[in-house]
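Below, each chain spelled out in residue letters.
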Amino acid sequence: MTTVAAYAAPAAKAPLERTTIERRAVGAHDILIEIKYAGICHSDIHQATDGWGAGIFPMVPGHEIAGVVAEVGPAVTRYAVGDRVGVGCFVDSCRVCEYCEQGLEQYCVQGMTPTYNGRDKNGEPTHGGYSTHLVVDENYAVRIPDGLALDVAAPLLCAGITLYSPLRHWNAGPGKKVAIVGMGGLGHMGVKIAHALGAEVTVLSQSLRKREDGLKLGADHYYATSDPKTFEDLAGTFDLIVSTVSAPLDFDAYLSLLRIDGALVNVGMPEEPVSLGLGSVVTGRRTLAGSMIGGIAETQEMLDFCAEHGLGAEIELIRAEQVNEAYERVLASDVRYRFVIDTATI
Ligand code: NAP
Ligand code: ZN
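The structure displayed is predicted, hence computed values, not measured ones.

In terms of backbone geometry, most residues other than glycine have negative phi values and most peptide bonds are trans. Residue Phe-57 is joined to Pro-58 through a cis peptide bond whose omega torsion reads -5°. Of note, the bond from Arg-336 into Tyr-337 is cis; its omega dihedral lies within 30 degrees of zero at -10°. Mapped onto the secondary structure, Tyr-337 falls in the loop between helix H11 (323-331) and strand S17 (338-342). Positioned with a positive phi, Ala-54 is a non-glycine residue whose angle comes to about 60°. By secondary structure assignment, the location of Ala-54 is in the loop between helix H1 (42-48) and strand S4 (65-72). The exposed category is assigned to Ala-54, whose relative accessible area is 74%.

Structure follows, in structure tokens:
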């Protein structure tokens, strides 16, 4: 066990503060990562405020982790000291169920082990990336290609893969009209990736405040959802809509924007249930679906794709003591487009 510095929420809704945590000794298949950067995902806020319930406190959030390998266990074959690596939303899974075997570890039948706010196989609470070091099984880390700087790569470990996976699964590409709802951390990566895949990309944002940025990042069109005319003008337009919105949404209104056979894939995780008039699905043979992050192999594929296309996240680098202020700004949709903690300041 090693004691390392971290930022933790001592209790639900309490401000995060500096503390220390224990990391396990480096096992045969483990690597020790010196964390350089940790992105702030809206899921961190849902959990640190216990908005989803069942939170384990004190909680060290952070599942967008980029760093450098500092030590390897004797049986490690994939990584060497000095390698640039990332860790996303989970650090283990059962490894033998049909989904783990297909590289869909995020849907493991036994349940994947979350990077934080979960328990490992020994029942110990897991702690995330707002810390200086992490010990992880080499099979649950990914390689960050040389073409990507570590700070802009960190958010790809959750925001990037959460959009890449459904965009690929639902075939975003040339000839497809894709809408991204919400221009936040996830949404702005959705715009970049959908554009790089060759789709015609529309942003549906609450206002036109971030329009210039959206167009620069690759959107072809940008609409304000606060304007009711948007829903009239765009009725029946899209093949695929991905909603990244963190609050309950009027799904009927967004479903009406799909073509026949179109799909609305929700990745946002609001804390309250939503209501739905099923007519909006039935009348257009439409699909309402969900998607959760991506598996290890697909996360590596996403990083390689982003490196090849020069797609890092748009970030605001902060010091660790600014984390509570950053949370407030995320809640106010005032983020352009991901806060990233420089973990050297912890
Ligand atoms: P974020 O940076 O806060 O972005 C969310 C965006 O949604 C905001 O920027 C805002 O965009 C829009 N929005 C916020 N409140 C809204 C409201 N009341 N009505 C309409 N639009 C609203 O958050 P994020 O980190 O991208 O995460 C988004 C959600 O995805 C969170 O719920 C998070 O827990 C979830 N998530 C899910 C997965 C998964 O695997 N499925 C992975 C990561 C995160 P505009 O200002 O452009 O309107
Ligand atoms: Zn996340």
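Leu-167 and Ile-193 are the most contacted members of the largest nonpolar core, which totals 67 residues. Looking at which domains feed residues into this core, each of domain 1 (2-158 + 294-345) and domain 2 (160-290) gives three or more. In contact with Ile-193, other than residues within four places in its own chain, are Gly-160, Tyr-164, Leu-167, Phe-305, Cys-306 and Leu-311. By size, the runner-up hydrophobic cluster in this structure holds 24 residues, among which are Ala-5, Ala-6, Ile-45 and Ala-48.

Distances from the zinc ion (ligand 2) to its protein donors, namely Cys-41 (SG), His-63 (NE2) and Cys-158 (SG), fall within the range 2.0 to 2.2 Å. Mapped onto the sequence, the residues coordinating the zinc ion (ligand 2) show the spacing C-x21-H-x94-C. With a gap of 117 residues between them, Cys-41 in the loop between strand S3 (30-39) and H1 and Cys-158 in the loop between helix H3 (150-153) and helix H4 (159-169) connect regions that are remote in the sequence. A relative accessible area of 3% places Cys-41 in the buried class.

Rules behind the numbers
- Residues numbered from 1 in each chain as written.
- Chains lettered and ligands numbered in written order.
- Predicted model: local features only at pLDDT ≥ 70, side-chain atom pairs only at ≥ 80, totals over all residues.
- Heavy atoms only, no water.
- Helix = DSSP H or I, 4+ residues; strand = E, 2+ residues; numbered from the N terminus.
- Buried < 20%, exposed > 50% of the residue type's maximum accessible area, 1.4 Å probe, protein only.
- Core = buried A, V, L, I, M, F, W, Y, C linked by side-chain atoms within 4.5 Å.
- Domains from an automatic or database assignment.
- Contact = heavy atoms within 4.5 Å.
- Donors = N, O, S within 2.8 Å, 3.2 Å for Na, K, Ca; no water.

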